[in-house]
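Spelled out from the first residue to the last, the chains are:
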Amino acid sequence: MSGGATRREKKEQVKVQDRKLQKQDIVFLQWGALSHQQIEDLLQRSAEELQWELKEILGFKNYQTCMREAALLDYNVCGFWWAKEASFTPAQTSFTMAVLHMLLENIREKQMSLVENLMEFAKALGSACQCSTSEEDATSLLNTEEAIMLISYIRKSLFQKYRLYELHLSTPRDELLLGMERTIEVFTCQDAFTPLEEGISTHLFPDIQKNQEISDNLQLQEKTSATDQNDRNTVLPNT
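Cut-offs used in this document
Residues numbered from 1 in each chain as written. Predicted model: local features only at pLDDT ≥ 70, side-chain atom pairs only at ≥ 80, totals over all residues. Heavy atoms only, no water. Helix = DSSP H or I, 4+ residues; strand = E, 2+ residues; numbered from the N terminus. Contact = heavy atoms within 4.5 Å. Salt bridge = Lys/Arg side-chain N within 4 Å of Asp/Glu carboxyl O. Buried < 20%, exposed > 50% of the residue type's maximum accessible area, 1.4 Å probe, protein only. Arc of directions from axis to C-beta.

Draft legend 1. Quick look at the environment of Leu142. With respect to the helices, strands and loops of the structure, Leu142 is situated in the loop between α6 (114-129) and α7 (144-157). Linking Leu142 and Gln92, residues 50 residues apart in sequence, is a C-alpha distance of 7.2 Å. Once residues lying within four places of it in the same chain are set aside, the contact partners of Leu142 are Phe88, Gln92, Phe95, Leu125, Ala128, Cys129, Ala147 and Leu150.

Right, dumping it as C-alpha cells:
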C-alpha cells in the first residue's frame, strides 16, 4: 500500500510541476517603452495630447518634415487610440502596441514576407489567447471577441497595405527626394518688347504694336465725333 501511495504522490507531483511549467511557458508580448501605469495615464488623454506624448516617447522630432516619421507616428497613434476605443486594459493595450511594433520590425529588419509575418502574428496572438492551466487563474489576456477585433484592425491597418509598408520602410525615399536633380530651360529675350503672341518674330512685333496704337486712336476719334454730333442734335425742352 505504501508503495502504491508513493507512486500516486509522485504522479501528482509531476502533474503539478507540468502545470507550473505550462503556466511559465505562457508568455505574451508587452510594450517595453511604457509601463502599465504610464499606459493607463495615456488612455485618459485626448487625441492631440496622445500624439504629443507618443512623439516624445518614440523620438519623432522631425515628423512635420519627414514623411517616414509622420507615417510611423500616425501608425502608433492610431493603434493606441483604437485600443482605447476598444476599452482595452493597460496590459491589452501594451500587447497591441508590442504586436504593431513587432510586425513593423519584421518588415524593416528581417524583410519578412506577408505570409511569414502572418505566422509571427498568429504565434503572438495564440499566446495571448491561451488560458492558464492553473485553477486559480483560468483567464487569458484576450478573449475570442477581443482577438477577432484585433485581427480585423491589424488586417486593415497593416496587412492590406503590406506592399506599401515594405516600400516605405526598405526604400531610402528621403535620400532619393533630396538628391533628385532637374534641368529647366528658361527662355530669355534681350529686346525691349517681348511678343505677346507665340510665333511672331521679334523684329515684326514693334510694327504690329504701332499699328495697334493707330487703330486705337482712330476708334477713339470716331467715338468723339459721334458724341459731338449727338450733342448738336439734342433739342432742349421748352421751359
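Draft legend 2. The pattern of salt bridges, seen in detail. As enumerated under the stated definition, the model contains five salt bridges in all. A salt bridge links Glu105 to Arg108; the nearest nitrogen and oxygen atoms lie 2.5 Å apart. Of the two residues, Glu105 and Arg108 both sit in helix α5 (residues 90-108), three residues apart, roughly one turn of that helix. Under the relative-accessibility criterion, Arg108 is labelled partly exposed at 30%.

Draft legend 3. Structural view of helix α8 (residues 162-170). Restricting attention to buried positions, one finds in α8 the residues Tyr162, Tyr165, His168 and Leu169. All buried residues of α8 lie within an arc of 125° about the axis, which places them on one face of the element. Relative to its buried face, α8 has exposed residues pointing more than 90 degrees away, namely Arg163 and Leu164. Buried residues along α8 sit against α4 (67-85), α5, α6 and α7.

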